[in-house]
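# Chains, contacts and geometry: an overview
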Amino acid sequence: MIVILALHLVVGITVLALAGPLAARHWPLFALAGVPALATVVWLAAALPTIIDGGVRTSTTQWIPQLGLDFDLRLDGFAALMLVLVAGVGVLVVAYAARYFTHPTTRNGRLLGLLVLFGGAMTGLVLADNLLVLYGFWELTSVTSFLLIGNDHEEPEARAAALHALLVTGAGALAMLGGFIVLGRAAGTYSLSAILQDPPSGTAVTVALVLILLGAFTKSAQMPFHSWLPGAMVAPTPVSTYLHSATMVKAGVYLIARLAPVYATVDMWRPVVVTVGVVTMVGGGLRALRQHDLKLLLAYGTISQLGFMVAVFGWGTAASETAGCVMLLAHGAFKAAAFMVVGIVDHQYGTRDVRRVPRPGPGWGPAMIVAVIASASMAGVPLLFGFIAKEADFAAFVDQGAGAALALAGMVLGSVLTAAYSLRFVAGIAGRLAAPAPKPTEARQRPGHGPPTWSFVLPAAVLACASVAFGVVPRLLDGVVGAAADSLDAAVGDVHLALWHGFTVELALSAFALAGGVLLFLGRRPVGAVLALGGHLPSASRAYLRTLRGLNTVADRTTKVTQPGSLPLYLGVILLTAAVVPGILLLGGDWWPGWPHVVEVPVHVPIAAMLIVLALAASIVRRRFSGALFLGMVGYSMAGLFIIQGAPDLALTQVAIETLSTVLFVLVLRRLPDRFETAPGAARRTVRVLIATTVGAFVFLFTIAVGSIDPPTTVSDTMIEQAYPQGDGRNVVNVILVDIRGLDTLGEITVLAAAAVGTVALARAGRRPGAPAATGVRRERQPPPMPVARLVTIDVSVRIVFAAVMVGSVWLLFAGHNQPGGGFVGGIVAGAAVSLRYVAGGLPEVRRLSRGKPWLVLGSGVAISAATAIMPLLMGGAVLQTGAHTFDLPVLGEMKVTSALVFDIGVYLAVIGLALMVFESFGDDTRTLVAPEGPGPSIEQSPAAVGQEGFA
């Protein structure tokens, strides 16, 4: 199962990477994109006999057992049923998309890669047997859905729809996460199967269920959280077919189906879930009857059908669970086929408006047949799979009490509306609702677009054939549906689907629904006039917009007070809070241990004196450049203390960071005034002195109090003991960074990557021609740069020193696992070497160091570290599990290589990439300023030649 998920990830990323290079090669890219879904279908087909016989396949990988977070996957009957939709429809959607996107572009390739990644996220969601893992995949489906809806990001409508979907489903997911945590804590485990076998109860569990239902309702577009789904129809039709009809919107239904058999008897469950489902079914059906856009009609129809499934599964009996499983399959078949037909019409005619779609001409027969079959199955016409599902749904609520009868009445009303909008859909596709055409039908087709080809219609035809086959011979699905229902509720027993059950109540209700739908369609004009009155009622879309405006208003007013734009004010509040709050707690207890030894070794005295003098100098000087230099010397003095105290790793890191930081300070300060701001008034100076004194006193006293404590060092001792046996390294600090606390390091370099990208974007925006100057900032007049030629002596010296420093950084990288050093220190040293090249030749010289862009170096480092962390999962190990191999090399002898080195190489590249990004952000792109007389090479200006530019 992990291999299937990894295949989706690898292929999805590959398709994204090849979207540009292979944009002109249409079919290879689509063939590659179809591999993961097809592989899932083959794997599922091999596992299906075992699943039908009641077997279960599981996979468990320990991740963070202390938090109950294990990567548990479980394939049972219901998960297999969902995978039939996810993988089966996924294969057909890729085939359909290959004909839908007739003009290959990079954007289409990107959309295809995101579809593959979404398929992997959805596969992981239905296989996850750990609530926290399920939540992770749940959020991945939301993120990929956001990117797919907003794929045409230049269109404001697409961006707004993507944000709408993300905000609504994301808010629900946060509530659901809270519910998962409460439920897992109450059960003592986050294993979904374990919770369902021995469900906890109590008030906390009831609250958890309410939170979980919020997440399910938002994901499955239940009222009043449904407004995001119609807006998502701006996405291309393959996206709508796959995400918003067959798979993602069923995630909430899937979760409700899992929990309902166990918690249906909780007081709030059935009234809430069934009521929401029935109201959504009726409300969605009414909105569908008002739509002129065929995709919006199907979108509201999907909302209606999702409400139907939520109500059926939410009832929580053996019969309703079985009926819900049938409805899941039937809906996936007929709704995906209907969306595909709409895409064909839109592709060929350039419109989805029923008032403009013409009557089909020659060659449109296959597409029309598919549309009729899909609509008839959606309406519940006999001999089609939708009829089998609807009868089973009605039967599950017959003779179940007053509450069930009331819910059944709502479902019948919703089914009447379903039949009516199904007829409206067919009539719209057939051009029966269009205004009289002044020209022949053929003239309305796009230039060069005739009737759809058979390959364009084939994916939808496969789904239509499935609706017919399973409608005529439903017993073909007895095993699959029975296994799915049995995995939800052990009381299901044998399942026998049949077309004819005799003259039953549910048959009469189905006939009534069809007849009522026909009457509504025939009276569509007066019905439309009545429905138009509902346009003046409050709607979820308007509520969403008003909520956003209200939040923006509150945020603006709050920001004006709390974020006035004064950096000294921000720092003052932060530092004062950090000192006063813990300081009060500190002084309130028995904290004073007495004065410590002032001097441990004599050499402490000159270093401490140097620290005090340099710190005072940094705070007194008026020039920014001088302050940066003094601050750097303070850091070097601290490195001296680290050496005396026996911490060479810290000293080495401190020196490297101070060197690079000083250079970066200079780069940034060159864009600021030479001097600090004019001295503030007496009142402001007094406030600053008080804050500085308070913070300094707190840090001093806090250091004394903490330094006197000799806490137990069990964790540190364990790390020291396990550094070599578990991490294959003798440098404990490096083993902690790349193995024991490797996830922290991975998170840190990921944050660094995000910050670097943002920094470059901001810096480029500030340098863009015509960009407005910052207001409220007084800039001193600075002299123009002096055009001075590059110096050969500096160039040669820098190249020699650069090579030596880079060799040293590589040595630190490879030696760091057993000696002082490591990827981070090596990367910092390499960054310092890069700064030398900048000093000698400016930004062009830095750019010559790498063939790739700085962000590619940075991203490659993060990717290498992430891949090294995840790779052990594919081999049955744990995340970041260290592997080692010993080589016997000629001349060099025995050499041991560990996977931690590969992780460290990623850190090394990430740090170098960060340095390159900083130079890209703040470095000057110097050009030829002075050329020698006569022929010869041009002479570029270098920062070394310019010297104190901007600080004179």
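The model shown is predicted, which means the values in this text are computed figures rather than measured ones.

Once that is clear, we can look at the pattern of salt bridges. Applying the stated criterion across every chain yields a total of ten salt bridges. Among the ionic pairs, R74 bridges to D76, the shortest N-O distance being 3.1 Å. Assessed through its relative accessible area of 22%, R74 is described here as partly exposed. A salt bridge links D744 to R741; the nearest nitrogen and oxygen atoms lie 2.4 Å apart. The class of D744 is partly exposed, set by a relative accessible area of 33%. When its relative accessible area of 43% is taken as the criterion, R741 is described as partly exposed. Each of R799, R837, E845 and R848 takes part in salt bridges that share partners, so that together they form one network.

The subject of this paragraph is the nonpolar core. One finds L75, F78 and W269 to be the most contacted residues of the largest nonpolar core, which totals 191 residues. It is helix α15 (residues 318-349) that provides the largest number of residues to this core, a total of 18 residues. Discounting chain neighbours no more than four positions away, the residues touching W269 are L209, L213, I256, L259, A260, Y263, A264, V274 and G314. Of all hydrophobic cores here, the second largest spans 41 residues; its members include A656, A753, V862 and A869.

Further remarks concern the packing of aromatic side chains. For the structure on display, the rule yields 14 aromatic pairs. On the numbers, 5.5 Å between centres and 80° between planes, the contact of F118 with Y242 is edge-to-face. Here F118, found in helix α5 (residues 106-127), pairs with Y242, found in helix α11 (residues 237-246); they are 124 residues apart in sequence, far enough to count as distant. Across this residue pair, the class does not change: F118 and Y242 are buried. When the centroid spacing of 5.2 Å and the interplanar angle of 35° are considered together, the rings of Y838 and F919 count as tilted. Here Y838 is found in helix α33 (residues 823-847), whereas its partner F919 is found in helix α35 (residues 899-922), with 81 residues between them in sequence. Residues Y838 and F919 agree in their burial class; the two are buried. Just above the ring of F521 sits the side chain of R524; from NZ or CZ to the centre is 4.4 Å.

Before going further, it helps to examine the packing of helix α9 (residues 203-219) against helix α13 (residues 269-288). Look at α9 against α13: their axes get within 12 Å of each other, and the N-to-C directions meet at 10°. When the axis of α9 is compared with that of α13, the two are roughly parallel. Contacts from L209, L213 and F217 of α9 reach α13 at W269, V272, V273 and V276. In terms of residue class, the contact of α9 with α13 is built from seven nonpolar, no polar and no charged.

Counting buried residues along strand β2 (residues 69-75), six of its seven residues qualify, which places the element largely inside the surrounding structure. Across six bridges, the pairing between strand β1 (residues 57-64) and β2 is antiparallel. Its bridge partner being in β2, R57 is matched across the sheet by L75.

Relative to the assigned elements, K390 resides in helix α17 (residues 385-395). Among buried charged residues, K390 stands out as having no salt bridge; its nearest opposite-charge side chain is D393, 7.7 Å away. A polar side-chain atom of K390 sits 3.2 Å from the main-chain carbonyl oxygen of A379. Sequence-distant contacts of K390, defined by excluding residues within four places in its chain, comprise F308, M378, A379, G380, S415 and T418.

You can see S145 is positioned in helix α6 (residues 131-149). Sequence separation between S145 and H244 is 99 residues; the distance between their C-alpha atoms is 9.4 Å. Beyond its immediate stretch of four places on either side in the chain, S145 contacts L243, H244 and M248.

Its location among the elements puts T218 in helix α9. Accessibility expressed as a relative area gives 4% for T218, which makes it buried. Reaching out from T218, the side chain makes a polar contact with the backbone oxygen of G215 at a distance of 2.9 Å. If sequence neighbours within four positions are ignored, T218 has contacts with V168, T169, G172, F225 and W228.

Summary statistics for the chain give a mean pLDDT of 84 and a share of 90% for residues scoring 70 or more. Mean pLDDT across the elements of the chain bottoms out in strand β5 (residues 928-930) (39) and peaks in helix α16 (residues 365-379) (94). Here residues 926-952 scores under 50 on pLDDT; set against residues more than four positions off or in separate chains, the count is 55 contacts.

Right, let's talk about unusual backbone geometry for a bit. With the exception of glycine, the majority of residues adopt a negative phi angle, and the majority of peptide bonds are in the trans configuration. M223 connects to P224 through a cis peptide bond whose omega is 10°. Structurally, P224 is set in the loop between α9 and α10 (228-231). At A221, a residue that is not glycine, the phi angle is positive and equals roughly 55°. Positionally, A221 belongs in the loop between α9 and α10. On the basis of relative accessible area, A221 is assigned to the buried category, the value being 0%. Despite not being glycine, L383 has its phi angle at roughly 75°, a positive value. In this fold, L383 is placed in the loop between α16 and α17. Residue class for L383 comes out partly exposed when judged on its relative accessible area of 47%.

Given a rise of 1.5 Å per residue, 18 residues ought to cover 26 Å, and the 26 Å separating the end C-alpha atoms of helix α21 (residues 505-522) matches this to within 8%. Those residues of α21 not exposed but buried are E506, L507, L509, S510, A513, G516, G517 and F521. Residues of α21 that are buried sit in contact with α17, α18 (402-429) and α22 (524-532).

Cut-offs applied
Residues numbered from 1 in each chain as written. Predicted model: local features only at pLDDT ≥ 70, side-chain atom pairs only at ≥ 80, totals over all residues. Heavy atoms only, no water. Salt bridge = Lys/Arg side-chain N within 4 Å of Asp/Glu carboxyl O. Buried < 20%, exposed > 50% of the residue type's maximum accessible area, 1.4 Å probe, protein only. Core = buried A, V, L, I, M, F, W, Y, C linked by side-chain atoms within 4.5 Å. Helix = DSSP H or I, 4+ residues; strand = E, 2+ residues; numbered from the N terminus. Contact = heavy atoms within 4.5 Å. Phe/Tyr/Trp six-rings, centres within 6.5 Å; stacked < 30°, edge-to-face > 60°. Lys NZ or Arg CZ within 6 Å of the ring centre and 35° of its normal. Axes fitted to C-alpha atoms, helices over the stretch in contact; angles between N-to-C directions. Parallel < 35°, antiparallel > 145°, perpendicular 65-115°, else oblique. Nonpolar A, V, L, I, M, F, W, Y, C, P; charged D, E, K, R; others polar. Pairing = 2+ DSSP bridges. Lys, Arg positive; Asp, Glu negative; His and termini not counted. Polar contact = N/O pair within 3.5 Å; in protein donor to acceptor, adjacent residues only side chain to side chain. pLDDT = per-residue confidence, 0-100. Expected span 1.5 Å × (residues − 1).

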